Amino acid sequence: MGNRLTKIYTRTGDDGSTGLADGSRVPKDHPRIEVLGCLDELNSIIGLIMVQAEPDPPPQLAHVQNRLFELGAELATPGAERTKPEDVAYLETALDGYNAELPSLREFILPGGGNAATFCHLARALCRRTERRLVTLDRQAHLNPHTLRYINRLSDLLFVLARVLARRDGGSEVFWQPVTPV
């Protein structure tokens, strides 16, 4: 498992830099650190979805949380490639299974439909921001293409799970009602 933290503060980041897994240091606002921060936010909100969806949260979410942690380790180590095609396929299989239960979309859906569903919508938005930050970093560092695909599919899964959870928890999907004529 590696070294355990015995002390939470190190003071090494007091100058506005942070260490990567390979020992190099970068500014705390470096695009790589921006992505890592987005992954941390995303993983946190997925934990919140799981709590809100108790007693029966979607089982894939625990797997996703662990995978996001591994993805963070990949991105904290320049040049590492841990995300594989089968990680993307895992999400696609889950998507296909959940989507088969849902009616076709005929309208735009707004965030809402119950607590867990609303948090899924928030997680989807955070996932899309993570994806944008990944694209920015990819221009500099040429990332593993499977990492980009994984995050793209994850946002799709979070959208579909929001639909599933809205229905499961006795709520209903909230559809966009145009305020002005389109």
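Residues numbered from 1 in each chain as written. Predicted model: local features only at pLDDT ≥ 70, side-chain atom pairs only at ≥ 80, totals over all residues. Heavy atoms only, no water.

Caption draft 1: Just the packing of aromatic side chains, in detail. Scanning the entire structure with this criterion turns up 1 aromatic pair. A cation sits over an aromatic face here: Arg67 above Tyr150, 5.9 Å from the ring centre. (Phe/Tyr/Trp six-rings, centres within 6.5 Å; stacked < 30°, edge-to-face > 60°. Lys NZ or Arg CZ within 6 Å of the ring centre and 35° of its normal.)

Caption draft 2: Looking closely at the environment of Phe175. Relative to the helices and strands, Phe175 resides in strand E4 (residues 174-175). Every residue in contact with Phe175, bar those within four places of it in the chain, is listed here: Glu107, Phe108, Ile109 and Leu110. (Helix = DSSP H or I, 4+ residues; strand = E, 2+ residues; numbered from the N terminus. Contact = heavy atoms within 4.5 Å.)

Caption draft 3: Helix H2 (residues 60-75), seen in detail. Compared with the 22 Å implied by 1.5 Å per residue over 16 residues, the 22 Å span of H2 between its first and last C-alpha is a close match. Regarding H2, the residues found buried are Gln60, Leu61, Val64, Arg67, Leu68, Leu71, Gly72, Glu74 and Leu75. Buried residues of H2 fall within an arc of 150 degrees about the axis and therefore sit on the same side. Away from the buried face of H2 by more than 90 degrees, exposed residues Asn66 and Phe69 are located. (Expected span 1.5 Å × (residues − 1). Buried < 20%, exposed > 50% of the residue type's maximum accessible area, 1.4 Å probe, protein only. Arc of directions from axis to C-beta.)

Caption draft 4: Focus on the packing of helix H4 (residues 115-141) against helix H5 (residues 145-168). The contact between H4 and H5 brings their axes to 8 Å, and the two run at 170 degrees. What the angle tells us is that H4 and H5 run roughly antiparallel. Counted by class, the contact of H4 with H5 contains 16 nonpolar, 5 polar and 5 charged residues. (Axes fitted to C-alpha atoms, helices over the stretch in contact; angles between N-to-C directions. Parallel < 35°, antiparallel > 145°, perpendicular 65-115°, else oblique. Nonpolar A, V, L, I, M, F, W, Y, C, P; charged D, E, K, R; others polar.)

Caption draft 5: Summary view of the state of the cysteines. All told, the structure shown has 0 disulfides when counted by the stated rule. Distance from the sulfur of Cys38, which forms no disulfide, to the nearest cysteine sulfur (Cys127) is 9.9 Å. For Cys38, a relative accessible area of 5% corresponds to the buried category. (Disulfide = S-S within 2.5 Å.)

Caption draft 6: Quick peek at unusual backbone geometry. Geometrically, the link from Glu54 to Pro55 is a cis peptide bond, its omega value of 15 degrees lying close to zero. On the secondary structure map, Pro55 appears in the loop between helix H1 (31-52) and H2. Phi at His142 is positive, roughly 50 degrees, even though this residue is not glycine. Relative to the assigned elements, His142 resides in the loop between H4 and H5.

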